[in-house]
Amino acid sequence: MKRTLLTLLAALVLLPALADEGMWLPSLISERIDDMRAKGFRLTAEDIYSINKASMKDAVVLFNGGCTGELISPEGLLLTNHHCGYDAIQKHSTVEHDYLTNGFWAMSRAEELPNEKLWVRFLVRMEEVTDRIAAGETAAQIVEKAKAEGTGYKASVEQMYYGNQQFLFVYEQFDDVRLVAAPPSSIGKFGGDTDNWIWPRHTGDFSMFRVYASKDNRPAAYSPQNVPYRPKKHFSISTKGVKEGDFTMIYGFPGNTQEYILSDAVAYIAERSDPAKIAIRTGRLDIITKAQESDPALRIHYAAKHASIANAWKKWQGEALGIDRRGTVAAKFDYETQFGLWSVGRPEYAGVVMGLRAEYDRIMDAYFAYEITRETLSTLPAAYTPEERAEECFARRKSAEQALWRHAFREYGRCPKVYRTPSYAEGMARYKSPEAYADALFEAVWEGSDSVTMQPAVRLREETKRMLDHISWMLGTKSLRNLNSKILNELYTTYIKGLREWDRERAFYPDANLTLRVAYGSVAGYEYADGEYHKPQTTLDGIIAKDNPEIYDYDIPQSLRDLYASKNYGRWGTVIDGRRTVPVCFLATNHTTGGNSGSPVLNARGELVGINFDRTWLSTMSDIAFDPDICRNIAVDIRYVLFVIDRVGGAGYLLDEMKIRR
């Protein structure tokens, strides 16, 4: 009876058979197409991915190595999230031309702004190379051959299922990408950190860029002679709208999931790692927020840093809550127990779970030290550059910068003693407090003192790097994005192979690793708490309800207030719940993670209906375990995007190059 209950529990909690879980490889999407069509999809597998004709993959880009974007015109016009373009928008912003606050709208091609080091990549093809590597060809050799195939080609060999399969990904990279449009932050980042990861959501999280190429449509460095890129494929846009139950599909570059890790690792994340990192980042955010509120120039200077710190900070909070709410640690432990019983008498798999647990015990303190160091000492600058010193607000930054140094030195004390740098121990002995020690080193770095005065700071930084390198050596891998080691990777190769052999009913898919994937599901609300159902659509009415001129993140443009007052929505207005309004955001059940920011949300006909930008708070645990009852992605409705471009930005001419379907 006990064994039966354990098996049932594991099945109910872990199996995705009837859920919209999964991040599927496009080249193998034919294996899922029957399920997709049963759920409403109307196209074919070759419409999604083909190397013989233009397909959806040719309209999707990896945006600057951390987000996704989509082509929406035959002239290289690209949509992504506002927060994905945030760094570029900030770099073009000054107090006099504050594009973060006021938005930016190029009114002609000549006004589109170039962005140094901003690039996009199109997937040319992907192919499994497991057999080639087994036959003796190295990954480096495969990559070099692929890169030689075309101008601007990049390539990589990526592991799937912890090395059980290897795939080659070949990309074409374009380096001339220009800013076309960005709404004011009070639209593009509406709600700020308060609303981040939260539903209901009212954020117009989009920005627009244009990809440029040489006259023969090839990748080229920025040049005034470049012309708009002519893509093989771009998405049509549907303004018909979405309703609960409608099929949705996301095509993008999810960055990192850990769906198959042991319960030991999940417990580490939820009970040790996330709480410590949350506490450290809370202190950093408090310091930066105080500085931003004191000075408009400091608000702009720290904007991107604040957003970057806050994003993971809040994500970790929801992740830990979701893991606890779902009982993920216990469910995974039971699942592992059942696998262990099956593996008895199978020498290849017997003992692999115990081996994994022993390795976690060996490396957890070291990895925790790595994380604490990266969240504290590694966040501090080695020097303040001449460019920074020339900034008008540089002197006014001193108080905030010194406070950040003090905070980092204080929080570094969380690091297990055996992994602290010798300099830190000596400094603490000499200065008696982390604050006094931080002040001494900060003054030297701030003033840009001579090499003798700077030596203690230089030594601490060098020792910090050596300690991180030592931890990397100890773990046997430089891939330290997750709690990981060379031994773990080897054991997981066997473990995942065994799981796929044992659990034949489970729909396995490879963990996300910033390679192109397909996820699909439907528009759906969810029960947030007992008796509290969250509908899947928000509207302009909700923005107006939150509008507050006294709070920067809720102070919407006056033009938006005027449009609401006049109800002059034009063709973007629609009737929802008996009132004429403009749709803003919607929820769906698509499996997403970081990297999916900016991904196209497509309807059953492959038309663009939204731009993915977030998940609900408790959904963030879907990086570890997907719960179909509560895991929801959040998208900005494409009708709101078009409304803002047209009625707020006054850039309706951009719509003329799009294919918009009613």
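Keep in mind the model is a prediction, meaning the values are calculated, not measured. (Residues numbered from 1 in each chain as written. Predicted model: local features only at pLDDT ≥ 70, side-chain atom pairs only at ≥ 80, totals over all residues. Heavy atoms only, no water.)

Explanation requested: the pairing of strand E2 (residues 67-71) in the structure shown.
Regular strands show a simple pattern: their side chains alternate between the two faces of the sheet. When you tally the buried positions in E2, you get five out of five residues, the bulk of the element. A two-sided burial pattern is seen for E2, the buried positions comprising Cys67, Gly69 and Leu71 on one face and Thr68 and Glu70 on the other. Bridge count for strand E1 (residues 60-63) against E2 is four bridges, and the pairing is antiparallel. Its bridge partner lying in E2, Val60 is registered against Glu70. Connecting E2 to the next strand, strand E3 (residues 77-80), in antiparallel fashion are five residues, including Gly76 with a positive phi near 75 degrees. (Buried < 20%, exposed > 50% of the residue type's maximum accessible area, 1.4 Å probe, protein only. Helix = DSSP H or I, 4+ residues; strand = E, 2+ residues; numbered from the N terminus. Pairing = 2+ DSSP bridges.)

Even after reading the chapter, I still don't get the environment of Glu387, so can you show me in this structure?
Relative to the assigned elements, Glu387 resides in helix H15 (residues 386-389). Look at Glu387 and you get exposed, because its relative accessible area is 58%. Each C-alpha atom, one on Glu387 and one on Ala331, is 53 Å from the other, the two residues being 56 residues apart in sequence.

Just checking my understanding: could you explain empty space enclosed by the protein for this structure?
A probe matching the size of a water molecule, rolled over the atoms, marks out where space remains unfilled. Within the structure shown, the criterion is met by five cavities of 30 Å³ or more. Taken as a whole, the largest cavity spans an internal volume of roughly 70 Å³. What lines the largest cavity is Lys57, Asp58, Phe122, Leu123, Val124, Glu172, Tyr229 and Lys232. In terms of residue count, the dominant contributor to the lining of the largest cavity is strand E6 (residues 120-128) (three residues). Of the residues assigned to the lining of the largest cavity, the class counts are four nonpolar, no polar and four charged. (1 Å grid on protein atoms, 1.4 Å probe; cavity = no way out; pocket = protein on both sides within 12 Å on 5 of 7 lines; lining within 4 Å. Points joined across faces, edges and corners; volume = space filled by probe spheres on them. Nonpolar A, V, L, I, M, F, W, Y, C, P; charged D, E, K, R; others polar.)

How do you make sense of the packing of aromatic side chains when you look at a structure like this?
In this description, a pair of aromatic rings is defined by centroid distance and the angle of the planes. Considering all chains together, one arrives at 36 aromatic pairs under this definition. On the numbers, 5.2 Å between centres and 90 degrees between planes, the contact of Phe339 with Tyr495 is edge-to-face. With a gap of 156 residues between them, Phe339 in helix H13 (residues 328-343) and Tyr495 in helix H20 (residues 486-502) connect regions that are remote in the sequence. Summarising the burial analysis for this pair, Phe339 and Tyr495 share the class buried. Relative to Tyr424, the ring of Tyr412 has its centre 4.7 Å away and its plane inclined at 80 degrees; by these criteria the two rings are edge-to-face. Remark: Tyr424 occurs in helix H17 (residues 422-431) and Tyr412 occurs in the loop between helix H16 (398-411) and H17; sequence separation between them is twelve residues. A single burial state applies to Tyr412 and to Tyr424, both of which are buried. Taken together, the aromatic side chains of Tyr384, Phe394, Trp405, Phe409, Tyr412, Tyr424, Tyr431, Tyr437, Phe442 and Trp446 make up a single cluster linked through ring pairs. Arg272 extends its terminal NZ or CZ atom over the ring of Phe368, reaching a point 4.2 Å from the ring centre. (Phe/Tyr/Trp six-rings, centres within 6.5 Å; stacked < 30°, edge-to-face > 60°. Lys NZ or Arg CZ within 6 Å of the ring centre and 35° of its normal.)

Help me out: how do you make sense of the environment of Leu655 in this one?
Within the element layout of this structure, Leu655 appears in the loop between helix H23 (638-648) and strand E24 (660-661). Between the alpha carbons of Leu655 and Leu642 there is a distance of 7.7 Å; along the sequence they are 13 residues apart. Those residues within four positions of Leu655 in sequence are excluded, and the remaining contacts are Arg571, Trp572, Leu642, Ile645, Asp646 and Ile660. (Contact = heavy atoms within 4.5 Å.)

Help me out: how do you make sense of the layout of surface pockets in this one?
Roughly 630 Å³ of internal volume is contained in the second largest pocket. Forming the boundary of the second largest pocket are 29 residues, of which Tyr162, Asn256, Ser479, Asn482 and Asn513 lie nearest the centre. Elements with a contribution of two residues or more to the lining of the second largest pocket: strand E7 (153-160) and H20. The class makeup of the residues in the lining of the second largest pocket is 13 nonpolar, twelve polar and four charged.

Whenever I open this one, the pattern of salt bridges confuses me. Can you help?
Between side chains of opposite charge, a pair can form when the charged atoms approach closely. Per the counting criterion, the structure on display carries 52 salt bridges. Across the pair Arg357 and Asp264 runs a salt bridge, and its minimum N-O distance is 2.8 Å. A residue pair is termed long-range when its members are at least 10 positions apart, and Arg357 in helix H14 (residues 352-375) and Asp264 in helix H10 (residues 263-294) qualify at 93 residues. Just as Arg357 is buried, Asp264 falls in that class too. Between Asp295 and Arg396 there is a salt bridge, with its nearest N and O atoms 2.3 Å apart. Separated by 101 residues along the polypeptide, Asp295 in the loop between H10 and helix H11 (296-301) and Arg396 in the loop between H15 and H16 bring together distant segments of the chain. (Salt bridge = Lys/Arg side-chain N within 4 Å of Asp/Glu carboxyl O.)

Please explain the confidence of the model for the protein as it appears in this structure.
Detailed reading of the predicted coordinates is not advisable wherever pLDDT falls low. When pLDDT is averaged along the protein, the result is 94; 97% of the residues meet or exceed 70. Ignoring residues within four places in sequence, the model shows residues 1-18, a span with pLDDT below 50, making 23 contacts including any to other chains. (pLDDT = per-residue confidence, 0-100.)

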